[in-house]
Amino acid sequence: MAEMRLQKFLARAGVASRRHAEELIAAGRVTVNGARVTEMGVKVDPAADVVAVDGAPVALPEENATFLLHKPAGYVTTMSDPQGRPTVAALMADELLAHPGLFPVGRLDTDTTGLLLFTDDGQLGHGLLHPRRHVEKTYLALVEGVPDAGDVRRLREGVLLDDGPTLPAGVRVLEGADACRAAQLIGEGAGASGYRQRHGGKRGRDALAARGSYVEVRLREGRNRQVRRMLEAVGHPVIALHREAFGPLVLGDLPRGASRPLAEEEVARLKELAS
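Residues numbered from 1 in each chain as written. Predicted model: local features only at pLDDT ≥ 70, side-chain atom pairs only at ≥ 80, totals over all residues. Heavy atoms only, no water.

Would you mind showing me how to read the environment of Leu185 here?
If you trace the backbone, Leu185 turns up in helix 7 (residues 176–186). Between the alpha carbons of Leu185 and His242 there is a distance of 7.5 Å; along the sequence they are 57 residues apart. Those residues in contact with Leu185 that lie beyond four places of it in its chain are Leu140, His242, Glu244 and Arg256. (Helix = DSSP H or I, 4+ residues; strand = E, 2+ residues; numbered from the N terminus. Contact = heavy atoms within 4.5 Å.)

Please explain the sheet that holds strand 2 (residues 30–32) as it appears in this structure.
As summarised here, the arrangement of the four strands in space is 3-2-5-6, forming an open sheet in which the pairing is antiparallel. Edge strands, defined here as strands with exactly one partner in the open sheet, are strand 3 (35–37) and strand 6 (56–58). Strand after strand, the sheet turns through a mean of 40 degrees between neighbouring axes, direction not considered. (Pairing = 2+ DSSP bridges. Axes fitted to C-alpha atoms, helices over the stretch in contact; angles between N-to-C directions.)

Would you take a moment to explain the pattern of salt bridges for this structure?
Opposite charge on two side chains lets them pair, provided their charged atoms get close. All chains considered together, the criterion is met by 15 salt bridges. Across the pair Asp81 and Arg85 runs a salt bridge whose closest N-O atoms are separated by 2.8 Å. In this structure Asp81 comes out as buried when scored by relative accessible area, which is 16%. The partly exposed category is assigned to Arg85, whose relative accessible area is 37%. The salt bridge partner of Glu216 is Arg218, with a shortest N-O separation of 3.5 Å. What you see here is one network of salt bridges that share partners, running through Glu136, Arg172, Asp178, Glu216, Arg218 and Arg220. (Salt bridge = Lys/Arg side-chain N within 4 Å of Asp/Glu carboxyl O. Buried < 20%, exposed > 50% of the residue type's maximum accessible area, 1.4 Å probe, protein only.)

Sorry, what's going on with a negative patch on the surface here?
A cluster of acidic residues, Glu62, Glu63, Glu264 and Glu265, forms a negative patch at the surface. As for its position among the elements, Glu265 is in helix 11 (residues 264–274). A residue is classified by how much of its surface remains accessible, and Glu265, at 54% relative accessible area, is exposed. (Patch = residues over 30% accessible without salt bridge, like charges linked within 9 Å, V, L, I, M, F, W, Y side chains within 5 Å. Areas by Shrake-Rupley, 256 points an atom, 1.4 Å probe, with all protein chains shown as cover. Lys, Arg positive; Asp, Glu negative; His and termini not counted. Charge placed at Lys NZ, Arg CZ, Asp CG, Glu CD.)

What's the story with the pairing of strand 10 (residues 137–143) in this structure? I'm lost.
Side-chain direction in a regular strand flips from residue to residue, so the side chains alternate between the two faces of the sheet. Among the seven residues that make up strand 10, seven are buried, leaving the element largely enclosed by the rest of the structure. Burial along strand 10 is two-sided: the residues Lys137, Tyr139, Ala141 and Val143 and Thr138, Leu140 and Leu142 are all buried. Pairing between strand 10 and strand 14 (residues 213–219): seven bridges, direction antiparallel. Looking at the pairing, Leu142 lines up with Tyr214 of strand 14. In this structure, strand 10 lies alongside strand 15 (residues 238–246), joined through seven bridges in antiparallel fashion. Pairing of Leu142 across the sheet is with Ala240, part of strand 15.

What exactly am I supposed to notice about helix 10 (residues 226–233) here?
Residues that lie three or four places apart on an α-helix share one face, since the helix turns once every 3.6 residues. When helix 10 is considered as a whole, its buried residues turn out to be Gln226, Val227, Arg228, Met230 and Leu231. Contact partners of the buried residues in helix 10: strand 10, helix 6 (149–157), strand 11 (160–161), strand 14 and strand 15. Positive phi shows up at Gly235, right after helix 10, with a value of about 90 degrees.

Which parts of the structure should I look at to understand the packing of aromatic side chains?
Two numbers describe a pair of aromatic rings. These are the distance of the centres and the angle of the planes. Within this structure, the stated rule accounts for zero aromatic pairs. The ring of Phe246 carries the charged tip of Lys137 above its face, separated from the ring centre by 5.4 Å. (Phe/Tyr/Trp six-rings, centres within 6.5 Å; stacked < 30°, edge-to-face > 60°. Lys NZ or Arg CZ within 6 Å of the ring centre and 35° of its normal.)

Looking at this structure, I do not really get the environment of Glu62. What am I missing?
If you trace the backbone, Glu62 turns up in the loop between strand 6 and strand 7 (66–71). Placed 109 residues apart in sequence, Glu62 and Val171 show a C-alpha to C-alpha distance of 42 Å.

Where do I start with the pairing of strand 14 in this structure?
With six of seven residues buried, strand 14 lies mostly within the body of the structure. Where strand 13 (residues 170–173) meets strand 14, four bridges bridge the pair, whose relative direction is antiparallel. Following the sheet pairing, Val173 is matched in strand 14 by Val215.

Before we go on, may I ask you to explain the side chain of Arg228 in this structure?
Position of Arg228 among the secondary structure elements: in helix 10. The class of Arg228 is buried, set by a relative accessible area of 12%. A distance of 3.0 Å separates a polar atom in the side chain of Arg228 from a polar atom in the side chain of Thr112. Other than its neighbours up to four places away in sequence, Arg228 contacts Asp109, Asp111, Thr112, Val238 and Leu241. (Polar contact = N/O pair within 3.5 Å; in protein donor to acceptor, adjacent residues only side chain to side chain.)

This is the structure in structure tokens:
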């Protein structure tokens, strides 16, 4: 196998993204054949050199693994939680036994459902999340009230949040069959059921405004709680949120809490987006 830079080796081994790998090296936590390495640019031969992080040997997997998980509400997007809350790692227990280097690509809020990627390819995960890649993610939101044309225009053009203006986004209020489909996908996610119960019994457009409406949001950036903050900024707080797609990947009919490995062609398309 050809030599590669140490930080690339660590990323491909699933230890960390390249940037974090560089931090590990600079901190003196990485050794090659027993010698501590603190400078960038060192190359290693994966077939001959012994690389360790904090004394634990690191090796490239025979083949990287990438999975798609349908995350239910109530799970924290982390591999462990000091507060004892349910984590997405528990949903991937079998996969982690076979591929212990798996980690979630980005995160979904505890109450948010939908598509969450797992991979042990640090380079792929980092590339998909890099701000310059602008990988599109599609969300379906149940919101309070019905956004009007002015609200939609503001969301499409970008709204000012406390961490700066958002990039232009694809936004539409769903009606008819599209709204019914969104209702099925969001289901009885956290917040949705109670809101409907509190606002039942009305008719016509007043009923729609009272129980909420469905909005599709397509983003090419990934700030913390961005969809929720954008919709709240235009006066329509999110009741329930679901991620339907990540780049070319869609959940399809994958049940909540279930996962599946990606096909080779799916991984290839993700790598194109991440490169």
